[in-house]
Amino acid sequence: MVFIMASAASLQLLLLACVASSLPASGGDGHLLIAPQSPVLEIGTNFTATCVIADTDRVTADDLSWNLSRTTVPRDQYAKINESALAVTVPVVGEKSEWLFCLGRKASPNFHLDRSKFIHGILLTKGYRPVKPENVSCQAVQGVKYISTTLRCSWAAAGRQTSGVPTSYTLNVAVISSAAFNASTRGNEAAVDFLTSFPNHMMLDIWVEAHNRLGRVESEHLKEEAGWFVKTNPPSDVQVVSERSFPTSLLINWTHPIPKEYVRLTYQIRFCPNGSESWTYVPLVDTATDIQSFRLQNLRPATVYVSQVSCKNAREGHGYWSAWSANATAATPEDRPGKPDLWRIVSEGDDGRLVQFICKDPVRPNGRITGFSIRLQDQKVPRPVNRSESGSFTVLQRLRLADGKSVKAFAAAHNAVGKSAEASLVIPDKAHEPPPVAELKVWPQGGRLWLEWTPPNSSSLSEYVVQWVSGEQTDWQRENRTTRRTAIKGDLERFVCYNVSVHPLYSGRTGRAARAEAFLEQGAPLEAPAVRLKGKPGHNEAELVWKELPQRSRRGFITNYTIFYTSETTTHKVTLPADATSYTLTSLTGNTKYDTWIVASTVNGSTASFNHSFTTLKYAPGEMEGIVVGVSLGFLFLVVVTMLLCAYKKDAIKVNFWPRIPDPGESTIGSWSPDYPLKAEPPKESGVSVLDVDACDGKSVFEEDKAGCLPLKKDKYLSEEHSSGIGGSSCMSSPRQSVSDSDEGGDMADTTAGTVQYSSVVAANNGYKGQAPQQAVFSRSESTQPLLDSEENADTSLQDGGGRGPRRPCSDQQGALEALDFCPLDEDGERQATPTDGQEGAPASSYRLQLGGYRPQ
């Protein structure tokens, strides 16, 4: 161990001596030197450099430092070799080249340090070691007639490389026991030229060498016979022959591209219907021999086929397949067509089912279909039908089928060769239709409509028919009995609703269908329904109606309708289900203008309709009529109540508005005398008046005497006197009892020769202010003066008779007519003075009533 350490130290000292000897004399440019110079480093390793001090003792190894680019290397990566040498170890990372500097620093403040002589740097170039090339392959292609003399090879360049350390490649080709050829490149392919001819049937040794400044490496050696690398031209003169007696076969002929003395070939054939990209390949075992023709079989009649041929070295594992030959096209002859695709369309009606038998061309028409024929189960001769040139199917027959009836139809297709076998279909009666599939699901995915269902539990199930209908377009496809999930193969349009149904077939008998609606892709509706008012708007409500969107405008499933209505700045909305066609707006404001519109929505967008405006009524329907009726009923009630009150209080109303005053013109008191009583006669119904005199009446001129009453009675007759329009004092405003004679007084008046009689009725009350009651005193007088003379001259004297005295007014308050004289009397029957205003009232206990005649004015 000591020996080894001593040897290492000796080598290091030897290195330093060599470095020092290479430095210039003390008068040189610098005093520092880094070893090694300009290294090429492998990325991912560590690099060690040494800095040596020469021709100066001003600095030592302790005064040195290292910088990597602009970063100072930590001192723990330093290694001091001696006082004049300092080593550093740094990791090699990154692909970019970097500078490594050794710097000297000032050791003492007593001398000046020239920094330009105490710095030295080296460039660290980084790279990767070369990696062995892989997948070396070479190819010699055919020229016009023979194999080319150029061998072109390629390989996969492995590993990484940097711009500072690039990798180069050399292709080496050695003809065993002969010459060697090579070519260099920085890419991953190269070619060598054999100069005179291709070395047919000779062994070749081929390899690639990768190298750079960090090393070199070789690929695996490829040793094969020269024919292993040959790629010939495709077969020439390829022809396809159609033979009428073989409608399902075509014969292909071709020519070898190169003489078999150079390369023995095998062939590959592929074909497909014209326009298709699905090629069918003939098995290689059928074309392994050296052949120049082949027959394609099991083809479809009346179909154009495209064929191609390719070839390569027949030795197993040798050579490359040539390019495919040019297309060779031919059509197979026509043959009898296959069975037509028979189906039906059933429409339900009140009088049964309308059945349409329809069919499409056979899957294998084997020529041009010219027409069809159809017959029902009870018919022997089929009915011919021309093929429809428009549409995807032909309608064969329409018939009306009762619900309790079944029918079986047979159809055949025709072309130029003949008639196809018959296809049959049974439509059972409705009561015995086989069960449908369950749990049908339809959804869009990947630009197609997919279906999935659960099959019915029946052993007689033979197949399914998947039908899709959009408007008047109908199409269908058949699926085998094991199918549970499939996609519609027809051309579907976006934003179109398809009614998809799955019909199970039980040995030709159609079962009940399971249906579902679906869109290939949904979008926003083309339009929204036009909203309008139903009738007239109300006071606080309005009914909106709209029509259901037509199917072509929906472009998807309508998820909901949203009604917006606004008045001025306030906007409200109501969301309704997709099947709604009307809605009543409530809680509106009367006499207000509203704008309303409707928005139809699908999962992929919404569309709004045009605005519709309306104004609510100021009054609700019937409100004004209610007000009028209410007021009228109130007024009528008031009138009725008033009339009832009037009827109930008619006597009081009559007394207050029409006072009952006796008519002196109809009085008989003028012909009555106490001394000569008149002959008693029965009272008459008319002409008799009874006047009740009440001394306490509120209308009396004696306002102080309201407590007493003065009834006047007559023993012989009592009658009721009606007012004659003659006014009197305020005591006469209410009915009074009066004393009258019989009607004979009229006769007596006629015999008095114009004499008008006056009578004074003196009645005693219960006493006036404590006086003794008085008895009634009747006095009679006859006067020749004119009637109501006392009204004109109240101070004149009365005529004699009956104890009558001069008349004088009882009070200053007299009525318009003074035909009545109503005054208080004393104990002797004489008049008393009427109390004046401010007096307590005169002590009187009796009053005298004078009745006078009426004198017209």
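Here, every reference points to the structure presented above.
Every value quoted in this text rests on a predicted model; they were computed, and no experiment measured them. (Residues numbered from 1 in each chain as written. Predicted model: local features only at pLDDT ≥ 70, side-chain atom pairs only at ≥ 80, totals over all residues. Heavy atoms only, no water.)

Draft legend 1. Just the overall build of the protein chain, in detail. In terms of regular secondary structure, the protein chain is built from six helices and 52 strands. For the protein chain, with 857 residues in total, the buried portion stands at 43%. As displayed, the protein chain has an accessible area near 46900 Å², and 51% of this comes from carbon and sulfur atoms. (Helix = DSSP H or I, 4+ residues; strand = E, 2+ residues; numbered from the N terminus. Buried < 20%, exposed > 50% of the residue type's maximum accessible area, 1.4 Å probe, protein only. Areas by Shrake-Rupley, 256 points an atom, 1.4 Å probe, with all protein chains shown as cover.)

Draft legend 2. Here's a closer look at the packing of aromatic side chains. For the structure shown, the criterion picks out 16 aromatic pairs. Ring centres of Phe-181 and Phe-194 lie 5.4 Å apart, and the angle between their planes is 85°; this geometry places the pair in the edge-to-face category. Here the residue Phe-181 occupies a position in strand 13 (residues 180-185), and Phe-194 occupies one in the loop between strand 14 (189-193) and strand 15 (203-212), the gap between them amounting to 13 residues. For the pair shown, Phe-181 and Phe-194 are each scored as buried. Among the aromatic residues, those joined into a ring-pair cluster are Phe-181, Phe-194 and Phe-198. Of note, Arg-295 hangs over the ring of Phe-246, and the distance from its end group to the ring centre comes to 5.3 Å. The residue whose ring lies beneath Arg-555 is Phe-495, and the NZ or CZ to ring-centre distance is 4.0 Å. (Phe/Tyr/Trp six-rings, centres within 6.5 Å; stacked < 30°, edge-to-face > 60°. Lys NZ or Arg CZ within 6 Å of the ring centre and 35° of its normal.)

Draft legend 3. Fine view of the pattern of salt bridges. Within the structure shown, the criterion is met by 22 salt bridges. A salt bridge links Glu-209 to Arg-216, with the shortest nitrogen-to-oxygen separation between them at 2.5 Å. With a shortest N-O distance of 2.7 Å, Arg-387 and Asp-361 are connected by a salt bridge. One end of the pair, Arg-387, is in the loop between strand 29 (383-386) and strand 30 (394-401); the other, Asp-361, is in the loop between strand 27 (352-360) and strand 28 (371-376), and 26 residues separate them in sequence. (Salt bridge = Lys/Arg side-chain N within 4 Å of Asp/Glu carboxyl O.)

Draft legend 4. How the structure looks around the sheet that holds strand 3 (residues 46-53). The strand order 1-3-7-6 describes an open sheet built from four strands, whose pairing is antiparallel. Because the sheet does not close on itself, it has two edges, and the strands there are strand 1 (32-35) and strand 6 (78-82). With direction set aside, neighbouring strand axes in the sheet form an average angle of 25°. Sheet topology places strand 6 next to strand 7 (residues 85-91); four bridges connect them, and they run antiparallel. From the neighbouring strand, Tyr-78 faces strand 7, where its bridge partner is Val-88. (Pairing = 2+ DSSP bridges. Axes fitted to C-alpha atoms, helices over the stretch in contact; angles between N-to-C directions.)

Draft legend 5. Main features of a nonpolar patch on the surface. On the surface, a nonpolar cluster with roughly 440 Å² of combined accessible area is contributed by Tyr-619, Met-624, Ile-627, Val-628 and Val-631. Note that Val-631 resides in helix 3 (residues 623-648). (Patch = residues over 30% accessible without salt bridge, like charges linked within 9 Å, V, L, I, M, F, W, Y side chains within 5 Å.)

Draft legend 6. Structural detail: the nonpolar core. One finds Leu-151, Ile-206 and Trp-254 to be the most contacted residues of the largest nonpolar core, which totals 46 residues. Setting aside anything within four residues of it in sequence, one finds Trp-254 in contact with Pro-235, Ser-236, Asp-237, Val-238, Tyr-267, Ile-269, Ile-291, Gln-292, Ser-293, Phe-294 and Val-309. Ranked by size, the runner-up nonpolar core spans 26 residues in total, among them Cys-359, Leu-425, Trp-476 and Leu-505. (Core = buried A, V, L, I, M, F, W, Y, C linked by side-chain atoms within 4.5 Å. Contact = heavy atoms within 4.5 Å.)

Draft legend 7. Here's a closer look at unusual backbone geometry. The omega torsion of the bond from Ala-35 to Pro-36 falls at 0°, within 30 degrees of zero and hence cis. Considering the arrangement of structural elements, one finds Pro-36 in the loop between strand 1 and strand 2 (40-42). Positive phi, close to 65°, is recorded for Ser-177, a residue that is not glycine. For Ser-177, the location among the structural elements is in the loop between strand 12 (168-175) and strand 13. Despite not being glycine, Asn-366 has its phi angle at roughly 55°, a positive value. Among the secondary structure elements, Asn-366 is positioned in the loop between strand 27 and strand 28. By relative accessible area, Asn-366 is classed as buried at 8%.

Draft legend 8. Here's a closer look at the side chain of Ser-219. Looking at the secondary structure, you find Ser-219 in the loop between strand 16 (215-218) and strand 17 (222-225). With a relative accessible area of 4%, Ser-219 lands in the buried category. If sequence neighbours within four positions are ignored, Ser-219 has contacts with Lys-132, Pro-133, Val-136, Trp-207 and Val-208.

Draft legend 9. Summary view of the state of the cysteines. Going through the model one piece at a time under the given rule, you end up with two disulfides. The side chain of Cys-51 participates in a disulfide bridge whose partner is Cys-102; the two sulfur atoms lie 2.0 Å from each other. Across the S-S bond of Cys-51 and Cys-102 the torsion is about -90°, and the bridge reads as left-handed. With Cys-51 in strand 3 and Cys-102 in strand 8 (residues 98-104), this residue pair connects regions lying 51 residues apart in the sequence. Residue Cys-102 is classed as buried on the basis of its relative accessible area of 0%. Disulfide pairing places Cys-138 opposite Cys-153 at an S-S distance of 1.8 Å. The chirality of the disulfide connecting Cys-138 with Cys-153 is right-handed, given an S-S dihedral of about 110°. (Disulfide = S-S within 2.5 Å.)

Draft legend 10. Molecular detail of the sheet that holds strand 19 (residues 236-242). Spatial strand order, 19-20-23: three strands in an open sheet with antiparallel pairing. Looking at strand neighbours, the two that pair on one side only are strand 19 and strand 23 (293-296), the edges of this open sheet. Adjacent strand axes in the sheet meet at a mean angle of 20° when their direction is disregarded. Judged from the four bridges that link them, strand 20 (residues 250-255) and strand 23 form a sheet pairing that is antiparallel.

Draft legend 11. The arrangement of the environment of Ile-488 in detail. Within the element layout of this structure, Ile-488 appears in the loop between strand 37 (485-487) and strand 38 (497-506). You can call Ile-488 buried: its relative accessible area is 3%. Between the C-alpha atoms of Ile-488 and Asp-475, which are 13 residues apart in sequence, the distance is 10.0 Å. In this view, Ile-488 contacts Arg-448, Leu-449, Leu-451, Val-466, Trp-468, Gln-477 and Val-500; residues no more than four positions away in its chain are not counted.

Draft legend 12. Here's a closer look at the side chain of Thr-287. Mapping Thr-287 onto the fold places it in the loop between strand 22 (280-281) and strand 23. A distance of 2.5 Å separates the side chain of Thr-287 from the backbone oxygen of Tyr-267, its partner in a polar contact. What Thr-287 contacts, discounting residues up to four positions off in sequence, is Thr-266, Tyr-267, Gln-268, Ile-269, Val-282 and Phe-294. (Polar contact = N/O pair within 3.5 Å; in protein donor to acceptor, adjacent residues only side chain to side chain.)

Draft legend 13. Layout of the pairing of strand 8. With five bridges connecting them, strand 4 (residues 64-68) and strand 8 associate as antiparallel partners. Bridging from a neighbouring strand, Leu-68 pairs with Leu-100 of strand 8.

Draft legend 14. The environment of Ser-388, seen in detail. As for its placement among the helices and strands, Ser-388 is situated in the loop between strand 29 and strand 30. The exposure class of Ser-388 is partly exposed, given its relative accessible area of 23%. For the pair Ser-388 and Lys-360, spaced 28 residues apart in the sequence, the C-alpha separation amounts to 9.5 Å. The residues touching Ser-388, leaving out its near neighbours within four places in the chain, are Phe-393 and Thr-394.

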